[in-house]
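Here is how the chains run, residue by residue.
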Amino acid sequence: LAPRQLRTMLARASPVAPSTLRAKTRKQTFSTTSARVARRFDSIIDETLAEMATDDEFQTAKTRLETLGQKALTKEERARRRRALDTIGVPSFESYLETRGGKALIREPTTILQVNIGLYCNQACAHCHVESSPLRTTEVMDAATAQAVVRVLKNSSNVKTLDLTGGAPELHEQFRFLVREARALGVDVIDRCNLTVLYEEGQEDLPQFLAENKVKVVASLPCYSEANTDAQRGKGVFERSIAALRDLNAVGYGVEGSGLELDLMYNPGGAFLPPAQENLEVAYRSELRDTWGVEFSRLFTLTNMPIKRFADYLHREGKTSEYMSLLVENFNVAASVGVMCRDLISVSWDGTLYDCDFNQQLDMPVRGEKKTIFDLDSCDDLVGSRIVADNHCFGCTAGSGSSCSGATI
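Residues numbered from 1 in each chain as written. Predicted model: local features only at pLDDT ≥ 70, side-chain atom pairs only at ≥ 80, totals over all residues. Heavy atoms only, no water.

Strand direction decides the pairing type here: strand 5 (residues 262-266) and strand 6 (residues 298-301), joined by 4 bridges, are parallel. Paired with Asp263 across the two strands is Arg298, which belongs to strand 6. Remark: the strand 5/helix 11 (residues 277-292)/strand 6 crossover connection has right-handed handedness. (Pairing = 2+ DSSP bridges. Helix = DSSP H or I, 4+ residues; strand = E, 2+ residues; numbered from the N terminus. Right-handed = clockwise from strand over helix to strand, strands pointing away.)

Below, the structure written as structure tokens:
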């Protein structure tokens, strides 16, 4: 699709720019020692909780979770995917990969250690495969687990990146400790930021902290349309997100020559695959720069995985079979070569090890005896082990592929 067609497809409602944010042009200056971010917005947590309290779908899911438990719901979700694949005669993902001549799913040397610090978040996004929200207050990484992460980092010379996620990782006590320790070791750090966190209490200096430590920011912005973004992530999120992007620009993020990377993450707003990453980036850059005066480094596209909240959406809409068929029909053996599970280890808030963040949310830990960060001497301990796969993995191999770093080809 051409950029103009992409803009038409994405922007079902044209963004309405608040007068305080619209900027056709802006002066490209920045300073990592600038003043703390002014809290132009109140915390979004109360609004998130209010929306959750009146959302029938969330309340139904909450009741079922309390009644049946997470394991039973995950098993039910997996069975739906399996039934959908049975109707089109598709075997297990690993068998399908083998018949298509794909590379076996064996762990290679780990280059990325991804750590989910905790599930607490100031938002409760409709697409969230982690099912984070302000209610997730108990699943939080403690100091001992964070120290174990640092110990393993010190012993793992192949690991070049510490990828911090959540929840909203910045709201967790161990976030800044992990950032400082990793940077002292010369390890790059990624902060998976929801942007609205900049306006939570105690985060006024967050842009400056990230810039001073040269943290790479990967920010979620599922659309440049206010209506589409708020529908997926909550009322008022788009306005705060644009303000946050401009505050990050102000300290150099996304500005050419600053050395501070600001990448955006797009995921579809429904049961369809993302457009071509390269073309969509052109459309995003044009809209964000011309309408909002926002700069960024790159755009990543992420396929919605048929798990958790998105799986619930598919089931409610009667689209589970349709979506699983879409993923299989667009299977790309070339995309399977670059799937993130080959060279990434995912660590949960309690230290349990997984082959990827999606497996973490489905409670499918790594194979072998070393199941937690406390068991590892080095990430090299897992090299050569067989990766745990299941029917949700078709989401990472459809079209141009999908990973936490965008398309895989």
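Moving on to the packing of aromatic side chains. Scanning all chains against the criterion turns up 12 aromatic pairs. Between Tyr96 and Phe331 the ring centres are 5.1 Å apart and the planes differ by 90°, which places this aromatic pair in the edge-to-face class. Placement of Tyr96 in helix 5 (residues 93-99) and of Phe331 in the loop between helix 13 (320-329) and helix 14 (333-337) is noted, with a sequence separation of 235 residues between them. As far as the burial class goes, Tyr96 and Phe331 line up, both buried. An aromatic cluster is present here, built from Phe93, Tyr96, Phe331 and Phe394 joined pairwise through their rings. In this structure, Arg285 is placed above the aromatic ring of Phe296, and the distance from its NZ or CZ to the ring centre is 4.2 Å. (Phe/Tyr/Trp six-rings, centres within 6.5 Å; stacked < 30°, edge-to-face > 60°. Buried < 20%, exposed > 50% of the residue type's maximum accessible area, 1.4 Å probe, protein only. Lys NZ or Arg CZ within 6 Å of the ring centre and 35° of its normal.)

The next thing to look at is helix 12 (residues 308-317). Every buried residue belonging to helix 12 is among Lys308, Arg309, Phe310, Ala311 and Leu314, and all of these are buried. The inward-facing, buried residues of helix 12 contact helix 3 (56-68), helix 4 (70-86), helix 13 and helix 15 (357-361). Directly after helix 12, the chain includes Gly318, whose backbone phi takes a positive value near 65°. (Contact = heavy atoms within 4.5 Å.)

Looking now at the environment of Val115. Note on placement: Val115 falls in strand 1 (residues 112-116). The buried category is assigned to Val115, whose relative accessible area is 0%. Between the alpha carbons of Val115 and Thr165 there is a distance of 6.1 Å; along the sequence they are 50 residues apart. Excluding its chain neighbours within four sequence positions, the residues that come into contact with Val115 are Met141, Val149, Leu162, Asp163, Leu164, Thr165 and Val347.

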